[in-house]
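# Descriptive analysis of the structure
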Amino acid sequence: MASGKFWNVMTGLKPVLAMVVVQVSLGGINIMYKLAKSDGMSMKVLIAYRYIFAAAFTVPLALIFDRKSRQKMTWMIFLQGSLCGLFGGSLGQNLYAESLTLTSATFAAAMTNIIPAMAFVLAIVLRMERLAIGTVAGKAKVLGTLLSISGALVLTFYKGVELNLWSTNINLLHHGAATSQQSSNDQVLGSILAVVACMCFAVWLIIQAKISMVYPSYSGTALTCVCAAIQSVVYAMCAEKEWSAWKLGWNIRLLTVVYTGVWATGLMVAIMSWAARLRGPLFVSSFYPLMLVTVAILGSLLLDEQLYLGSIIAVVLIVVGLYGVLWGKGKEMKQNAQVDGAKSSTEPELRGIVIETSSSTKGKPTATSTICPIQATDRGSGAVSPAAVVHE
């Protein structure tokens, strides 16, 4: 009995532990980007290599796991994959990497938490989401969006006093003073690039939701990575004329492109898809602040990045806003599922009612109604499965 309960607990913890590993791994991307930039590597070349390695890893997965469920490639699917590669890959990642070099790893990680709020605003504009301001869920989503945007503004324009929580005197960048000066001078530009990058990721989420309805997850990810690789390579070759910028040795550059391409983009995306199938996309999204905590700790310990009061206030606003949007969306999905379930439960009963009419011996019409037993197939025909619920 006790062993059975222990096994149930451990099975339930698997998605949680998996998402902890995912967010810690994603947080490592920011640190690796900083180290590669410090070594003199071009961010454009790094992004190109990242998606080359990601495509090389995800295409075999799609060929193996989606060989029976993958549909025939159409021009619409290819267009959606190309747009996913543009907004979620080449354009979005290049903007994010540039903002990272102009600001700090913690700042860039904090900005990514406004993506759900931006996706909600875009969905409202495109009429894919209803505002429903009169409901509790609608108020929570609107309030959460406003808090996230307010946090982003505080993060950009307010610094506050420096917080000396700990100090390891370790700086793997080897030029902390220059980096701090650059971050101070280009903070606004880096903030603008980060906001535009988050907007690109929000557009990618909406397009990804469309393509996931008609194309399997592994194949969709592989198509996105291939398109992003082609776009990133063309852009990097136009921007970097010297072939020396493309050289990879047994150093931090090779480690960065392998880590970000194979581990963070390829394997972690597959784990996130697995967790989303088990617990839903809201479960996956709720772990994103863990990446921010990971980056803040690693950035202060390894890159000698300073924490400020403004950053703490902004992070609190952004995280609270994120969970407000997620809570509102989750409550709305539950209400929609209950309404759909109520409708489906009444339809079989109506189908089971048979009206029989006959004439009496006196010629007057009489009507009798008999309720036929509902078969098992009818009872289940109107059920709403979790897969039928449209997720954001």
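Criteria and thresholds
- Residues numbered from 1 in each chain as written.
- Predicted model: local features only at pLDDT ≥ 70, side-chain atom pairs only at ≥ 80, totals over all residues.
- Heavy atoms only, no water.
- Helix = DSSP H or I, 4+ residues; strand = E, 2+ residues; numbered from the N terminus.
- Buried < 20%, exposed > 50% of the residue type's maximum accessible area, 1.4 Å probe, protein only.
- Contact = heavy atoms within 4.5 Å.
- Areas by Shrake-Rupley, 256 points an atom, 1.4 Å probe, with all protein chains shown as cover.
- Salt bridge = Lys/Arg side-chain N within 4 Å of Asp/Glu carboxyl O.
- Core = buried A, V, L, I, M, F, W, Y, C linked by side-chain atoms within 4.5 Å.
- Phe/Tyr/Trp six-rings, centres within 6.5 Å; stacked < 30°, edge-to-face > 60°.
- Axes fitted to C-alpha atoms, helices over the stretch in contact; angles between N-to-C directions.
- Parallel < 35°, antiparallel > 145°, perpendicular 65-115°, else oblique.
- Left-handed = near helix turned anticlockwise from the far one by under 90°.
- Nonpolar A, V, L, I, M, F, W, Y, C, P; charged D, E, K, R; others polar.
- Patch = residues over 30% accessible without salt bridge, like charges linked within 9 Å, V, L, I, M, F, W, Y side chains within 5 Å.
- Polar contact = N/O pair within 3.5 Å; in protein donor to acceptor, adjacent residues only side chain to side chain.
- pLDDT = per-residue confidence, 0-100.

Each helix and strand in the chain was counted, giving 14 helices and four strands. Taking all 392 residues of the chain together, the buried fraction comes to 43%. Summarising the internal contacts of the chain: among those between residues at least 6 apart in sequence, 86% fall at separations of at least 24. Within the structure as shown, the chain displays about 20800 Å² of accessible surface, and the carbon and sulfur contribution to it stands at 68%.

Inspection of the entire model under this criterion finds four salt bridges. Notably, a salt bridge pairs K329 with E332, separated by 3.5 Å at the nearest N-O pair. On the criterion of helical spacing, the pair formed by K329 and E332 is a turn pair, its members being three residues apart in helix 13 (residues 309-352). The pair formed by K329 and E332 is uniform in burial state, with each residue classed as buried. Residues participating in the shared-partner salt-bridge network are K141, K329 and E332.

Here we take up the side chain of T145. Among the structural elements, T145 can be located in helix 6 (residues 136-157). Classification of T145 by relative accessible area gives buried; the value is 5%. Leave out the neighbours within four places in its chain, and T145 touches A117, F120, V121 and V325.

Take the nonpolar core next. Residues M19, Y33, L46 and M111 are the most contacted members of the largest nonpolar core, which totals 66 residues. Of all the elements, helix 2 (residues 43-65) adds the most residues to this core, at nine residues. Sequence-distant contacts of L46, that is, excluding residues within four places in its chain, are made with Y33, A36, M41, T256 and V257. Residues C84, I211, L223 and C227 belong to the second largest nonpolar core, which totals seven residues.

Let us look at the packing of aromatic side chains. Enumeration according to the criterion identifies four aromatic pairs in this entry. For the ring pair W75 and F78, a centre distance of 6.3 Å and an interplane angle of 85° mean the geometry is edge-to-face. Pair noted here: W75 and F78 are both in helix 3 (residues 75-102), with a separation of three residues, about one helical turn. A residue is classified by how much of its surface remains accessible, and F78, at 39% relative accessible area, is partly exposed.

So, about the packing of helix 5 (residues 115-125) against helix 8 (residues 187-212). At a minimum axis distance of 8 Å, the contact between helix 5 and helix 8 shows a crossing angle of 60°. Viewed along their axes, helix 5 and helix 8 adopt a mutual orientation that is oblique. Helix 8 is crossed by helix 5, and the crossing has right-handed handedness. Touching I115, M118, A119, L122 and A123 of helix 5 are V195, C198, M199, F201, A202, V203, L205 and I206, all from helix 8. Its residues assigned to classes, the contact of helix 5 with helix 8 comprises 13 nonpolar, no polar and no charged.

To continue, consider a nonpolar patch on the surface. Taken together, the side chains of I149, L153, F157, V188, I192 and V196 present a nonpolar region at the surface, about 570 Å² in accessible area. Mapped by element, the contributors of at least two residues to the nonpolar patch are helix 6 and helix 8. Among the secondary structure elements, V196 is positioned in helix 8.

Let's shift gears to the environment of V136. Of note, V136 is situated in helix 6. With residues up to four places along the chain from it excluded, the contact list for V136 reads W327 and K331.

Take the environment of I252 next. In this structure, I252 sits in helix 10 (residues 252-279). Along the sequence, I252 and Y33 sit 219 residues apart, while their C-alpha atoms lie 9.7 Å from each other. Every residue in contact with I252, bar those within four places of it in the chain, is listed here: M32, L35, A36 and D39.

For the rest of this paragraph, the subject is the packing of helix 2 against helix 10. The N-to-C vectors of helix 2 and helix 10 enclose an angle of 45°; their axes lie 8 Å apart at closest approach. Classified by the angle their axes make, helix 2 and helix 10 are oblique. Relative to helix 10, helix 2 is oriented so that their crossing is right-handed. Facing L46, Y49, R50, Y51, F53, A54, F57 and T58 of helix 2, the residues of helix 10 in contact are T256, V257, V258, T260, G261, V262, T265, G266 and L267.

So, on to the environment of Y96. Within the secondary structure, Y96 is located in helix 3. We classify Y96 as buried; its relative accessible area is 6%. In this structure, the C-alpha to C-alpha distance between Y96 and T112, residues 16 residues apart in sequence, is 9.3 Å. The residues contacting Y96, other than those within four sequence positions of it, are N30, Y33, A108, A109, T112, A197 and F201. Of note is the side chain of Y96, whose polar atom sits 2.8 Å from the side chain of N30.

Mean pLDDT over the chain works out to 78, with 78% of the residues at or above the 70 mark. Taken together, the stretch residues 176-181 has pLDDT below 50 and engages in three contacts with residues farther than four places along the chain or on a different chain. Taken together, the stretch residues 350-392 has pLDDT below 50 and engages in 40 contacts with residues farther than four places along the chain or on a different chain.

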